[in-house]
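Chain by chain, the residues run as shown.
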Amino acid sequence: MISFPGSKRTFLPYTFFFTAFLFFNTLFNGSTKTNNLLHLAILFFLFHVIVNKTAAHALRTNLALLRGLLIVAAFLFYFTLSNLWSADPGNITATLTHSLYILFYITMTAMVLSSPDRKRILGLIILGFTIVFTWLLLSNFQVILHRGPVTEHNPTAENVIDLSGLACIALILSISLYQETKNKLLFPCMGLFIFFILLTQSRGPFLSLIIAYFIGKGLPGLNRKNIAIALAIIILSAIFIETTELGTLIRLRAEEAYTQSFLRFSIWKLSLELFSRHYLIGNGFSYQLHFINYSGEHIHTAHSLYIGTLLKGGIIGGGLLLSLLLYALTIALKTPKQEYHCGAILMIFSMLFYTTQGMFVIGNPQEFWYLFWFPVGYALSSSPLSSPDSSVIRRR
């Protein structure tokens, strides 16, 4: 059980700076100035835990969070050590630094989302995504429509698949916050995120989102209302696909999926062959693929986090990643549904999304911090008690 005593909210500098980081990281992904907010948050967090014995005790007695952090630490530090048997052993210092940042990030994410201010914090995150996707639609509409990388001065991710994934994260948070607050101002945000997801024509994020909701929330009952809604969605989707330029592009993308699936399979086949040569501890953190496939593309990633993890860390690294994901998902699934906790949906989405995305997840704050580590931190958080002003947060 973890509790933060006191009847009134108190100003905590680490919470202020970390909330500012969460907001600005949606807008200026990887910016040095944004990262400085994280550094300040970590310093004030350490000071808070050292000075405030009650906070330190509360953190020590949150067994669910501590177990999760230990599993995350094992994953991060194993891959830090894997630099020693990679082509660039000197990278171990940078990897260790990034690993420590990620540990603090998960800890503070879980704690601020367990506080009475969680709704305000989630609202700021959604606002940040709303601003950046509005800006992208105004400045890069045609580029995104034709699936090209967005312009270099774009402050967030360049890849449209990553952008679609971020829009899915924002949509999940928006729906969850609406269920909790019934604030209708979230409707335009949801519409923006849905439109952006469709605009990118990215199958992976879209399918991951649908499956995550069905698994996380369960299939709706087969009554007349739900059947009518389903039919209406099918009919409107068919009309949209047949009568609009975007719909035509989506249909063409679906037709291309068959061909592209063979490209992915060829990459995975070669990756698994390379993995079999060093199956126990892998090839080390800095290992990358270097080959040209039969379509003429230069391939550097495995196009799957899971296969990439096996390549870099072998069976041991793959087992640690699986332990991390399953533990966070288990904790999220134990959260009562009436608490509007979307940790399970976020975790399932992230796990599915990275099935076909190969960029590794240890590094400075980039898009994968929201796509991978934020769901882990959310899943390890608990929800405040029913009273909005309650300052007692419990986690068994």
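Thresholds, definitions, all that
- Residues numbered from 1 in each chain as written.
- Predicted model: local features only at pLDDT ≥ 70, side-chain atom pairs only at ≥ 80, totals over all residues.
- Heavy atoms only, no water.
- Helix = DSSP H or I, 4+ residues; strand = E, 2+ residues; numbered from the N terminus.
- Buried < 20%, exposed > 50% of the residue type's maximum accessible area, 1.4 Å probe, protein only.
- Areas by Shrake-Rupley, 256 points an atom, 1.4 Å probe, with all protein chains shown as cover.
- Patch = residues over 30% accessible without salt bridge, like charges linked within 9 Å, V, L, I, M, F, W, Y side chains within 5 Å.
- Salt bridge = Lys/Arg side-chain N within 4 Å of Asp/Glu carboxyl O.
- pLDDT = per-residue confidence, 0-100.
- Contact = heavy atoms within 4.5 Å.
- 1 Å grid on protein atoms, 1.4 Å probe; cavity = no way out; pocket = protein on both sides within 12 Å on 5 of 7 lines; lining within 4 Å.
- Points joined across faces, edges and corners; volume = space filled by probe spheres on them.
- Core = buried A, V, L, I, M, F, W, Y, C linked by side-chain atoms within 4.5 Å.
- Axes fitted to C-alpha atoms, helices over the stretch in contact; angles between N-to-C directions.
- Left-handed = near helix turned anticlockwise from the far one by under 90°.
- Nonpolar A, V, L, I, M, F, W, Y, C, P; charged D, E, K, R; others polar.
- Parallel < 35°, antiparallel > 145°, perpendicular 65-115°, else oblique.
- Phe/Tyr/Trp six-rings, centres within 6.5 Å; stacked < 30°, edge-to-face > 60°.
- Lys NZ or Arg CZ within 6 Å of the ring centre and 35° of its normal.

### Description of the overall build of the protein
From N to C terminus, the protein includes 14 helices and two strands. Each of the 396 residues in the protein was classed as buried or not, and the buried ones make up 49%. Looking at the protein as shown, the accessible area adds up to about 19,100 Å², and 68% of this sits on carbon and sulfur atoms.

### Focus: a nonpolar patch on the surface
On the surface, Leu81, Leu84, Trp85, Tyr279, Leu280, Ile281, Ile315 and Ile316 cluster together into a nonpolar patch covering about 740 Å² of accessible area. By the secondary structure assignment, Leu280 is in the loop between α11 (245–277) and β1 (291–292).

### Details of unusual backbone geometry
Negative phi values dominate among residues other than glycine, just as trans dominates among peptide bonds. For Lys182, which is not glycine, the phi dihedral falls at a positive 60 degrees. Positionally, Lys182 belongs in the loop between α7 (160–181) and α8 (186–200). Backbone geometry places His303, a non-glycine residue, at a positive phi of 55 degrees. Position of His303 relative to the elements: it lies in the loop between β2 (298–299) and α12 (305–333). A relative accessible area of 24% means that His303 is categorised as partly exposed.

### Structural notes on the confidence of the model for the protein
A low pLDDT means the predicted coordinates there should not be read in detail. Per-residue confidence for the protein averages 82 on the pLDDT scale, and 78% of its residues sit at or above 70. Mean pLDDT across the elements of the protein ranges from a minimum in helix α10 (residues 224–243), with 60, to a maximum in helix α5 (residues 92–112), with 96. Taken together, the stretch residues 1–8 has pLDDT below 50 and engages in 23 contacts with residues farther than four places along the chain or on a different chain.

### Section: empty space enclosed by the protein
Unoccupied space between atoms shows up once a probe the size of one water molecule is rolled over them. Evaluated as defined, the whole model comprises two cavities of 30 Å³ or more. Estimated volume of the second largest cavity: approximately 30 Å³. Forming the boundary of the second largest cavity are Gly68, Ile71, Val72, Leu324, Tyr327, Ala328, Val376 and Leu380. Elements that contribute at least two residues to the lining of the second largest cavity include exactly α4 (63–81) and α12.

### With respect to the nonpolar core
Membership of the largest hydrophobic core comes to 104 residues, with the highest contact counts inside it found for Phe75, Tyr105, Phe133, Leu173, Trp373 and Phe374. With sequence-adjacent residues up to four places away left out, Phe75 is seen in contact with Gly317, Leu320, Leu321, Leu324, Phe360, Val361, Ile362 and Trp373. Trp268, Phe275, Ile307 and Leu311 belong to the second-largest nonpolar core, a separate cluster that totals 10 residues.

### Here we look at the packing of helix α6 (residues 118–145) against α7
How two helices pack is summed up by the angle between their axes together with the distance between the axes. Between α6 and α7, whose axes approach to 10 Å, the crossing angle comes to 140 degrees. In terms of crossing hand, the pair formed by α6 and α7 is left-handed. Residues Arg118, Lys119, Leu122, Gly123, Ile125, Ile126, Phe129, Phe133, Leu136 and Ile144 of α6 pack against Val160, Leu163, Leu166, Ala167, Ala170, Leu173, Ser174, Leu177, Glu180 and Thr181 of α7. Residues of the contact of α6 with α7, tallied by class, amount to 14 nonpolar, three polar and three charged.

### Focus: the packing of helix α2 (residues 32–51) against α5
Contact geometry for α2 and α5: axes closest at 11 Å, N-to-C directions at 70 degrees. In terms of orientation, α2 lies roughly perpendicular with respect to α5. Residues Leu38, His39, Ala41, Ile42, Phe45 and Leu46 of α2 touch α5, and the partners they reach there are Tyr101, Phe104, Thr107, Met108 and Met111. Here the contact of α2 with α5 is built from residues that sort into nine nonpolar, two polar and no charged.

### Focus on the packing of aromatic side chains
Aromatic ring pairs are reported here in terms of the distance separating the ring centres and the angle at which the planes meet. Considering all chains together, one arrives at 28 aromatic pairs under this definition. Measuring from ring centre to ring centre gives 4.8 Å for Tyr105 and Trp369, while their planes differ by 55 degrees; the resulting arrangement is tilted. With Tyr105 in helix α5 and Trp369 in helix α14 (residues 367–379), the pair connects residues that are 264 residues apart, well separated along the chain. With a centroid separation of 5.2 Å and an interplanar angle of 50 degrees, the aromatic rings of Tyr370 and Phe374 are classed as tilted. A residue pair is termed a helical-turn pair when its members lie 3 or 4 positions apart in one helix, as Tyr370 and Phe374 do in helix α14 at four residues. Relative accessible area serves as the criterion here: at 0%, Phe374 is assigned to the buried category. Members of the aromatic cluster, joined through ring pairs, are Phe75, Tyr78, Phe79, Trp85, Phe285, Phe349, Phe353, Tyr354, Phe360, Phe372 and Trp373. Seen from the ring of Phe285, Lys312 lies directly overhead, with NZ or CZ sitting 5.5 Å from the centre. Its guanidinium or amino end placed over the ring of Phe360, Lys312 lies 5.6 Å from that ring's centre, counting from NZ or CZ.

### Thoughts on the pattern of salt bridges
Applying the stated rule across the entire model yields three salt bridges. Put simply, Glu180 and Arg118 hold a salt bridge, and the shortest N to O gap is 2.6 Å. Pair noted here: Glu180 is in helix α7 and Arg118 is in helix α6, with a separation of 62 residues, a long-range link. What makes Arg118 buried here is its relative accessible area of 3%. Residue Lys269 pairs with Glu273 through a salt bridge whose shortest N-O separation is 2.9 Å. Of the two residues, Lys269 and Glu273 are both situated in helix α11; the distance of four residues between them amounts to about one turn of the helix. According to the relative accessible area criterion, Lys269 is exposed, its value standing at 53%.

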